[in-house]
Amino acid sequence: MKAIVFRDQVKLYVAAGNGGDGSAYFRREKFVPFGGPSGGDGGDGGSVFLVGNVQVDSLLDLYDQPHQRAQPGDKGGTNQSTGRRGESLRIQVPRGTVVRLEQKDGPILGEVMQDGEELLIAQGGFGGKGNVHFKTSSNQAPKECTPGTDGERKVLWLELKLIADVGLVGYPNAGKSTLLSKLTHAHPKVASYPFTTLNPLIGTLETPDFRRVRIADIPGLIDGAHDGVGLGHEFLRHIERTRLLLFVLDMGGVDGRDPLEDFQNLREELRLYNPELEHRPYRVIANKMDEPEAEANLARLREETGEHPFPTIAELGDGVEVLKSELPRIMFGDSPPPELF
Ligand SMILES: Nc1nc2c(ncn2[C@@H]2O[C@H](COP(=O)(O)OP(=O)(O)OP(=O)(O)O)[C@@H](O)[C@H]2O)c(=O)[nH]1
Ligand SMILES: [Mg+2]
């Protein structure tokens, strides 16, 4: 199987610009025999910021260019001129970018959630003082000046958490991507083997009154996902941010599993990963209702769990219209699921 590489986590090495040194100069003018100090201050170094940008949808560019630095400030000049400030660097990142120090489980430095939101990740150094500042009554010709301070350097771990309203959760091959393609204009890859979807993808369902529900198609989960099996953690951390979970079940048991057990196992995986997920609002989608065993399994599921699943045949679009009208009602209805952020 082809290696799976996720580009929604990157290690980033950032260096802010050093401050320019202050300088020591003296005025040398005709007819001014003892020109005073005239060395200017160094310019401040540029800082490094992350900026949320809705146009950017992955951290792919940073993966290719992990070293990012801002400009240093220039040295102070003659005639008390201050050195040029170093330009700050503004790195464009997708909304939902979480920044940690050093490594994957390092402390969180911050998050970029909104379009245009800026997060300072490395402070530029400050310019040193030129010798003009050191003139005193007893020292009219100071040679002192101070060096600029260093810009901050950091190793950061960036990861992208999807910001979606709804997350499709299910075993591989259950029909999540098919469903997303019917609910929205997204075109995820659909195929009859497990792990077709390797990267999470978002589609937007637009309601007749122009409201939008963002739905995330998340790669299939397998048992032990909470322990990191099958890249489970990579997927589960995306699920964490959605406000409503849709459990997509293969009611035909096409891959030899029992849909009722699937449902219980999926809920258990989420709970083990993050106990809060147990209380997240959810609905059950009973997919592949065209399969021979499906009706009997659905009856059993209803009876044993008390759930009221939405029956669908995603491939044919059956049941999709009901979902299209129900999802906005659930999201924006009288008692919508709680806002997470
Ligand atoms: N019989 C039947 N097949 C379906 C239905 N919905 C989807 N499929 C088929 O099931 C297979 C898997 O569908 P996908 O949408 O790729 O499944 P997935 O859950 O996204 O799978 P992963 O990305 O691997 O996790 C494809 O061959 C689909 O054509 C359905 O309602 N009935
Ligand atoms: Mg898929």
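Residues numbered from 1 in each chain as written. Chains lettered and ligands numbered in written order. Predicted model: local features only at pLDDT ≥ 70, side-chain atom pairs only at ≥ 80, totals over all residues. Heavy atoms only, no water.

Trainee: Would you mind going over helix H4 (residues 259-273) with me for this structure?
Mentor: Note that an α-helix has 3.6 residues per turn; residues three or four places apart therefore point the same way. End to end, H4 covers 21 Å across 15 residues, agreeing with the expected 21 Å (1.5 Å per residue, within 8%). Listed as buried for H4 are Pro259, Leu260, Asp262, Phe263, Leu266, Glu269 and Leu270. (Helix = DSSP H or I, 4+ residues; strand = E, 2+ residues; numbered from the N terminus. Expected span 1.5 Å × (residues − 1). Buried < 20%, exposed > 50% of the residue type's maximum accessible area, 1.4 Å probe, protein only.)

Trainee: Sorry, what's going on with the sheet that holds strand S6 (residues 108-112) here?
Mentor: Whenever strands of a sheet pair, they do so through backbone hydrogen bonds, lying parallel or antiparallel. Taken together, five strands build an open sheet; the order of strands is S3-S1-S8-S5-S6 and the sheet is mixed. With partners counted over all chains shown, the strands left at the sheet margins are strand S3 (67-69) and S6, one partner each. Within this sheet the neighbouring strands show an average axis-to-axis angle of 30°, counted without direction. Of the pairings in the sheet, the one linking strand S1 (residues 9-15) to S3 comprises three bridges and is parallel in character. (Pairing = 2+ DSSP bridges. Axes fitted to C-alpha atoms, helices over the stretch in contact; angles between N-to-C directions.)

Trainee: What should I look at first to understand the site of ligand 1 in this one?
Mentor: Close to ligand 1 lie 24 residues; Lys176, Ser177, Thr178, Phe195 and Glu315 are nearest. In this structure, Asn173 approaches ligand 1 through a main-chain N or O atom, which is 2.9 Å from an oxygen atom. Between ligand 1 and the protein, one listed contact pairs an oxygen atom with a backbone N or O atom of Ala314 at 3.0 Å. For ligand 1, whose unbound accessible area comes to 650 Å², protein coverage reaches 93%. Judged by its atoms lying within 2 Å of the grid points, ligand 1 is housed in the second largest pocket. Sort the elements by how many residues they give to the shell around ligand 1 and helix H2 (residues 176-183) lands first, with three residues. A per-class count over the shell around ligand 1 returns 10 nonpolar, nine polar and five charged. (Near = heavy atom within 4 Å. Polar contact = N/O pair within 3.5 Å; in protein donor to acceptor, adjacent residues only side chain to side chain. Areas by Shrake-Rupley, 256 points an atom, 1.4 Å probe, with all protein chains shown as cover. 1 Å grid on protein atoms, 1.4 Å probe; cavity = no way out; pocket = protein on both sides within 12 Å on 5 of 7 lines; lining within 4 Å. Sits in = over half its atoms within 2 Å of the grid points. Nonpolar A, V, L, I, M, F, W, Y, C, P; charged D, E, K, R; others polar.)

Trainee: Help me understand the nonpolar core in this model?
Mentor: Within soluble globular proteins, side chains that are nonpolar generally end up buried alongside one another. In this structure, Leu221, Ile239, Phe247, Met251 and Leu270 are the most contacted members of the largest nonpolar core, which totals 26 residues. Among the secondary structure elements, those contributing two or more residues to this core are helix H3 (232-239), strand S12 (244-250), H4, strand S13 (282-287) and helix H5 (294-305). Here this core gets four residues from one element, more than from any other, and that element is H4. Setting aside anything within four residues of it in sequence, one finds Phe247 in contact with Val169, Phe263, Leu266, Arg267, Leu270, Tyr282, Arg283, Val284 and Ile285. In this structure, Leu168, Ala186, Ile285 and Val320 belong to the second largest nonpolar core, which totals 21 residues. (Core = buried A, V, L, I, M, F, W, Y, C linked by side-chain atoms within 4.5 Å. Contact = heavy atoms within 4.5 Å.)

Trainee: What am I meant to see in the pattern of salt bridges here?
Mentor: Pairs can form between side chains of opposite charge whenever their charged atoms are close. In this structure the tally under the stated criterion is 11 salt bridges. Arg84 is paired through a salt bridge with Asp74; the nearest N and O atoms lie 3.2 Å apart. With a gap of 10 residues between them, Arg84 in the loop between S3 and strand S4 (89-93) and Asp74 in the loop between S3 and S4 connect regions that are remote in the sequence. Owing to a relative accessible area of 44%, Arg84 belongs among the partly exposed residues under this scheme. (Salt bridge = Lys/Arg side-chain N within 4 Å of Asp/Glu carboxyl O.)

Trainee: Which parts of the structure should I look at to understand the pairing of S1?
Mentor: Along any regular strand, the residues point their side chains to alternate faces of the sheet. Burial runs high along S1: five of the seven residues are buried. Of the pairings in the sheet, the one linking S1 to strand S8 (residues 153-160) comprises seven bridges and is antiparallel in character. Bridge assignment links Ala15 to a residue of S8, and that residue is Arg153.

Trainee: How do you make sense of the packing of aromatic side chains when you look at a structure like this?
Mentor: Aromatic ring pairs are described here by two measures, namely the spacing of the ring centres and the angle between the planes. Per the counting criterion, the structure on display carries three aromatic pairs. With a centroid separation of 6.1 Å and an interplanar angle of 50°, the aromatic rings of Phe263 and Tyr282 are classed as tilted. Taken together, the positions of Phe263 in helix H4 and Tyr282 in strand S13 put the pair 19 residues apart, joining distant regions of the chain. Since its relative accessible area comes to 4%, Phe263 is described here as buried. Overall, the relative accessible area of 18% leaves Tyr282 in the buried class. Chaining the aromatic ring pairs together yields one cluster made of Phe247, Phe263 and Tyr282. (Phe/Tyr/Trp six-rings, centres within 6.5 Å; stacked < 30°, edge-to-face > 60°.)

Trainee: Help me out: how do you make sense of the layout of surface pockets in this one?
Mentor: In this approach, a probe sized like a water molecule rolls over the atoms, and the result shows the empty space that is left. A volume near 430 Å³ is recorded for the second largest pocket. When residues in the lining of the second largest pocket are grouped by element, the largest group, three residues, is from H2. Of the residues contributing to the lining of the second largest pocket, the split by class is 11 nonpolar, nine polar and eight charged. (Points joined across faces, edges and corners; volume = space filled by probe spheres on them.)

Trainee: Hey, could you run me through the environment of Ala16 in this one?
Mentor: You can see Ala16 is positioned in the loop between S1 and strand S2 (48-52). Placed 138 residues apart in sequence, Ala16 and Lys154 show a C-alpha to C-alpha distance of 8.8 Å. Not counting residues within four places of it along the chain, the set of residues in contact with Ala16 comprises Gly46, Ser47, Val48, Ala70, Ala122, Gln123, Gly124, Gly151 and Glu152.

Trainee: Could you clarify how one ought to interpret the domain arrangement of the chain in this entry?
Mentor: One widely used convention gives an interface's size as the accessible area the parts lose upon coming together. Assigned domains of the chain: these are domain 1 (1-160) and domain 2 (166-332). Centre-to-centre, using C-alpha coordinates, domain 1 lies 46 Å away from domain 2. (Domains from an automatic or database assignment.)

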